[in-house]
Amino acid sequence: MRSLLLGIALLACLFAVRTWAVDPARMSDPVLQARYEVLIHELRCVQCENNSLADSDATIAADVRREIREMLSAGKSDVEIKGYLVSRYSEFILFRPEFSWRNAWLWGLPLFLLIVGVVIAVRVIRQRVAMVDNDDDVDISHS
């Protein structure tokens, strides 16, 4: 029984370590802390890919969070911070990249594929209706 309790306590400690690893530092100014929280949720970890900086415990994510804290303390705006990070890590770091002519195809591709799919579906349905009509004509003429 004692070894079971010890094992459970050990597992609880192992799982709790992950939560301790993610950004324990808080900024003294509540306005800066709020901006910081928004930024780390809007930016992607470059190592973890689909995790935000807030959700990642990777070393590089901790480094980027520290850089963001330093830039906020230095008086940089959110736009300046995002611009710096994009210049350093590319637009991949943004969960919601801004529209530009370089990425316009990404924004237009879903609409284009939807239109192509509707056109193909309409053509297939019309061909099948025409085949059914031709089958009905053939059956009537043979009787």
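Residues numbered from 1 in each chain as written. Predicted model: local features only at pLDDT ≥ 70, side-chain atom pairs only at ≥ 80, totals over all residues. Heavy atoms only, no water.

Draft legend 1. How the structure looks around the overall build of the protein chain. In terms of regular secondary structure, the protein chain is built from five helices and zero strands. When the helices and strands of the protein chain are read in sequence order from the N terminus, they spell out α-α-α-α-α. Residues classed as buried in the protein chain amount to 21% of the 143 residues present. Across the protein chain, contacts joining residues at least 24 apart in sequence account for 50% of those joining residues at least 6 apart. When the accessible surface of the protein chain is summed, it comes to about 10,800 Å², and 64% of that surface belongs to carbon and sulfur atoms. (Helix = DSSP H or I, 4+ residues; strand = E, 2+ residues; numbered from the N terminus. Buried < 20%, exposed > 50% of the residue type's maximum accessible area, 1.4 Å probe, protein only. Contact = heavy atoms within 4.5 Å. Areas by Shrake-Rupley, 256 points an atom, 1.4 Å probe, with all protein chains shown as cover.)

Draft legend 2. View of the side chain of Ser 52. For Ser 52, the location among the structural elements is in the loop between α2 (30-42) and α3 (59-73). Beyond its immediate chain neighbours, meaning those up to four positions away, Ser 52 contacts Ile 40, His 41, Leu 43, Arg 44, Cys 45 and Phe 95.

Draft legend 3. Seen up close, α2. The end-to-end C-alpha distance of α2 is 18 Å, a good match for the 18 Å that 13 residues give at a rise of 1.5 Å each. All of the buried residues along α2 are Leu 32, Gln 33, Tyr 36, Leu 39 and Ile 40. Buried residues of α2, viewed axially, fall in a sector of 125°; they line one side. Opposite the buried face of α2, at more than 90 degrees from it, the exposed residues are Pro 30 and Val 31. (Expected span 1.5 Å × (residues − 1). Arc of directions from axis to C-beta.)

Draft legend 4. Spotlight on a nonpolar patch on the surface. A surface patch of nonpolar side chains, amounting to about 1,200 Å² of accessible area, comprises Phe 99, Trp 101, Trp 105, Leu 106, Trp 107, Leu 109, Phe 112, Leu 113, Val 116, Ile 120 and Val 124. Assignment of secondary structure puts Leu 109 in helix α5 (residues 104-142). Given a relative accessible area of 36%, Leu 109 falls into the partly exposed group. (Patch = residues over 30% accessible without salt bridge, like charges linked within 9 Å, V, L, I, M, F, W, Y side chains within 5 Å. Salt bridge = Lys/Arg side-chain N within 4 Å of Asp/Glu carboxyl O.)

Draft legend 5. Summary view of the packing of aromatic side chains. Within the structure shown, the criterion is met by zero aromatic pairs. The ring of Phe 92 has Arg 44 sitting right over it, with the charged end atom 4.8 Å from the ring centre. (Phe/Tyr/Trp six-rings, centres within 6.5 Å; stacked < 30°, edge-to-face > 60°. Lys NZ or Arg CZ within 6 Å of the ring centre and 35° of its normal.)

Draft legend 6. Quick peek at the nonpolar core. Counting residues in each nonpolar core, the largest one holds 19 residues, and the members touching the most others are Leu 43, Leu 53, Ile 68, Leu 72, Ile 81 and Leu 85. Where this core is concerned, the elements lending two or more residues are α2, α3 and α4 (78-89). Ranked by residue count, the leading element in this core is α3, at five residues. Non-local contacts of Ile 68, meaning those with residues more than four positions away in its chain, are made with Tyr 36, Leu 39, Ile 40, Leu 43, Leu 53, Ile 81 and Leu 85. (Core = buried A, V, L, I, M, F, W, Y, C linked by side-chain atoms within 4.5 Å.)

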